[in-house]
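So the chains spell out like this:
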Amino acid sequence: MRRMWSWVAVAGVSLSSVALGDEVKGDREEQGRTRTLRFTKKDAVVGQAEEHRLLVEMKQDFTMTAPDMEPDAISGTSTMVQTHVLTPLAAKGRIVTQAKIAYGEVVEVTTEEGKETRKLSPVNGKAYLGEYKKGRIVVTSLQGKPVKKEEQTAVLEDLDGLGKENPLVAAIPDEPLKVGDSVERLAKMFEAEFQKKGEADDGMTFRGISVRLTEIRQDARGPMGVFSVAATFVFAADEESPISMEITYQGTMNVLADGPETTSISLAGPMTLTPTPEMYQLGMRVTGKGDSRLVLTTKVLPPPPKK
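Because the structure is a prediction, the values reported are computed rather than measured. Every residue gets a number counted from 1 within its own chain, in the order that chain's sequence is written. Local features in this predicted model are restricted to residues whose pLDDT is 70 or higher, and side-chain atom pairs enter the listing and the counts only when it is 80 or higher, whereas totals over whole chains, interfaces and linings include all residues. Neither water nor hydrogens contribute to the side-chain values; these are computed over all heavy atoms in the structure.

This part takes up the overall build of the protein chain. A run of H or I in DSSP becomes a helix once it reaches four residues, and a run of E becomes a strand once it reaches two; helices and strands are each numbered from the N terminus. Secondary structure summary: the protein chain contains five helices and 14 strands in total. Counting all 307 residues of the protein chain, 42% fall into the buried class. Any two residues having at least one pair of non-hydrogen atoms within 4.5 Å are treated as being in contact. Within the protein chain, counting contacts between residues at least 6 apart in sequence, those at least 24 apart form 64% of the total. Approximately 16,400 Å² of the protein chain is accessible, and the part contributed by carbon and sulfur atoms is 51%. Type-normalised accessible area, obtained with a 1.4 Å probe on protein chains alone, sets the label of each residue: buried when under 20%, exposed when over 50%, and partly exposed for intermediate values. The protein chains shown are the only cover counted for residues, whose accessible areas, like all others here, come from Shrake-Rupley with a 1.4 Å probe.

Side chains Leu 37 and Phe 39 of strand 2 (residues 36-40) all project onto a buried face; the interleaved residues Thr 36, Arg 38 and Thr 40 project onto a face where none is buried. Two strands make a pair as long as DSSP finds a minimum of two bridges between them. Sheet topology note: the strand 2/strand 9 (residues 177-178) ladder contains two bridges and is antiparallel. Looking at strand 9, one finds that Leu 37 is bridged to Leu 177.

A word on the pattern of salt bridges. The rule for a salt bridge is simple: a side-chain nitrogen of Lys or Arg has to be within 4 Å of a carboxyl oxygen of Asp or Glu. This structure, assessed with the given rule, holds eleven salt bridges. In the salt-bridge network here, residues are joined through shared partners; they are Glu 51, Arg 53 and Lys 299.

Negative phi characterises most residues that are not glycine, and trans characterises most peptide bonds. Backbone geometry places Asp 68, a non-glycine residue, at a positive phi of 65 degrees. Positionally, Asp 68 belongs in the loop between strand 3 (50-65) and strand 4 (72-92). Overall, the relative accessible area of 85% leaves Asp 68 in the exposed class. The backbone of Lys 134 shows a phi angle near 50 degrees, a positive value even though the residue is not glycine. Within the element layout of this structure, Lys 134 appears in the loop between strand 7 (127-133) and strand 8 (136-141).

Turning next to the side chain of Thr 87. Assignment of secondary structure puts Thr 87 in strand 4. Those residues within four positions of Thr 87 in sequence are excluded, and the remaining contacts are Gly 47, Gln 48, Ala 49, Gln 98, Ala 99 and Lys 100.

Quick look at the packing of aromatic side chains now. Aromatic pairing here means that ring centres of Phe, Tyr or Trp (its six-membered ring) are within 6.5 Å. Orientation follows from the plane angle: under 30 degrees is stacked, over 60 is edge-to-face, and everything else is tilted. Taken as a whole and assessed by the stated rule, the structure comprises three aromatic pairs. For the ring pair Tyr 103 and Tyr 128, a centre distance of 6.1 Å and an interplane angle of 75 degrees mean the geometry is edge-to-face. With Tyr 103 in strand 5 (residues 95-112) and Tyr 128 in strand 7, this pair connects stretches of sequence that are 25 residues apart. Between Phe 233 and Tyr 249, the aromatic rings sit 5.5 Å apart at their centres with planes inclined by 80 degrees, giving edge-to-face as the arrangement. With Phe 233 in strand 11 (residues 222-235) and Tyr 249 in strand 12 (residues 243-256), this pair connects stretches of sequence that are 16 residues apart. Among the residues examined, Phe 233 registers a relative accessible area of 2% and is labelled buried. Look at Tyr 249 and you get buried, because its relative accessible area is 2%. Here the aromatic cluster, defined as three or more aromatic residues joined through ring pairs, consists of Phe 206, Phe 233 and Tyr 249. Above the ring of Tyr 280, the side-chain terminus of Arg 285 is found at 3.6 Å from the ring centroid. Working rule: Lys NZ or Arg CZ, within 6 Å of ring centre, within 35 degrees of ring normal, means a charge sits over the ring.

Let us now look at the confidence of the model for the protein chain. pLDDT measures how confident the predictor is about each residue, on a scale from 0 to 100. With 84% of its residues at a pLDDT of at least 70, the protein chain reaches an overall mean of 84. pLDDT under 50 marks residues 1-32. Its contacts with residues more than four places away, or in other chains, come to 122 contacts.

What follows deals with the environment of Arg 217. Structurally, Arg 217 can be placed in strand 10 (residues 204-219). Counting along the chain gives 37 residues from Arg 217 to Asn 254, while the straight-line C-alpha distance between them is 9.4 Å. Here Arg 217 is in contact with Gly 222, Pro 223, Met 224, Val 226 and Asn 254, once residues within four sequence places are set aside. Side-chain atoms alone can form a polar contact between residues adjacent in sequence; in general such a contact is a pair of N or O atoms within 3.5 Å, and within protein one must be able to donate a hydrogen while the other accepts it. Engagement of the side chain of Arg 217 in a polar contact is seen with the side chain of Glu 215, the distance being 3.1 Å.

Take the side chain of Thr 83 next. Along the chain, Thr 83 falls in strand 4. What makes Thr 83 buried here is its relative accessible area of 13%. Sequence-distant contacts of Thr 83, defined by excluding residues within four places in its chain, comprise His 52, Arg 53, Ala 102, Tyr 103, Gly 104, Glu 105 and Val 106.

Relative to the assigned elements, Ser 141 resides in strand 8. Note: C-alpha distance between Ser 141 and Lys 126 (15 residues apart in sequence) is 8.9 Å. When residues no more than four places from it in sequence are discounted, the contact partners of Ser 141 are Ala 127, Leu 129 and Val 147.

Dropping the structure here:
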């Protein structure tokens, strides 16, 4: 089974604190009929902790056949779970320059041939400081001491946004959006961020990325913009496997207005495996089914009690 990919971290760009200006007037019945919503970008709030939760699941149940070989099962499951609390410690306007990141559970669980394997991340249960200094991000322990390279690599991926404006915030239009609007700027932002991860994972490409405002919902906590998101991920065949993998994701991105902002992404879609043209000509075939699911949420935590 293919490993969990580093690209899942890109979804974190959608979990910034984006405040929505309220274009909605009148009572809730009138609000429910609103067709436009304006976004207002706010400065980062130093000391405001946010809890992030990420779940990525992949299931495969395929069979590979070819002349002169026994059918080969390509099956199993893989689940990655990550939780962490991110607290900005210093900021310039909307740009966070220093932050604390405290990890909860960070684990990948795979099951193949009935055998379960659990792999804990080196950052599991640990906390770090990250600071943007002189054009780069410096990661240390909470005491300001250096950390192991494997830990630093993982933390740098999660704190990639330090020292620059969150891409999602920058891509949100200043003008009000109408239900049904395609948001090309957001689609291009996702494509650019996905492509950055694709460069790290050789052979990964993307197509058909689209973002559309489909609903303005009246949540109990205020107006919420609901966006449909679609993207197709293609993982090319490599030396280890003459089979390419394609996942067609569809789902929603929710952005909540008023008070502590909560955003989320939920994507799911079918998976297909395809032999290379050369192997197909030799008679290789792959049948079966697979799917993948990604759920990413964040919420603003209440401030700690005053002593």
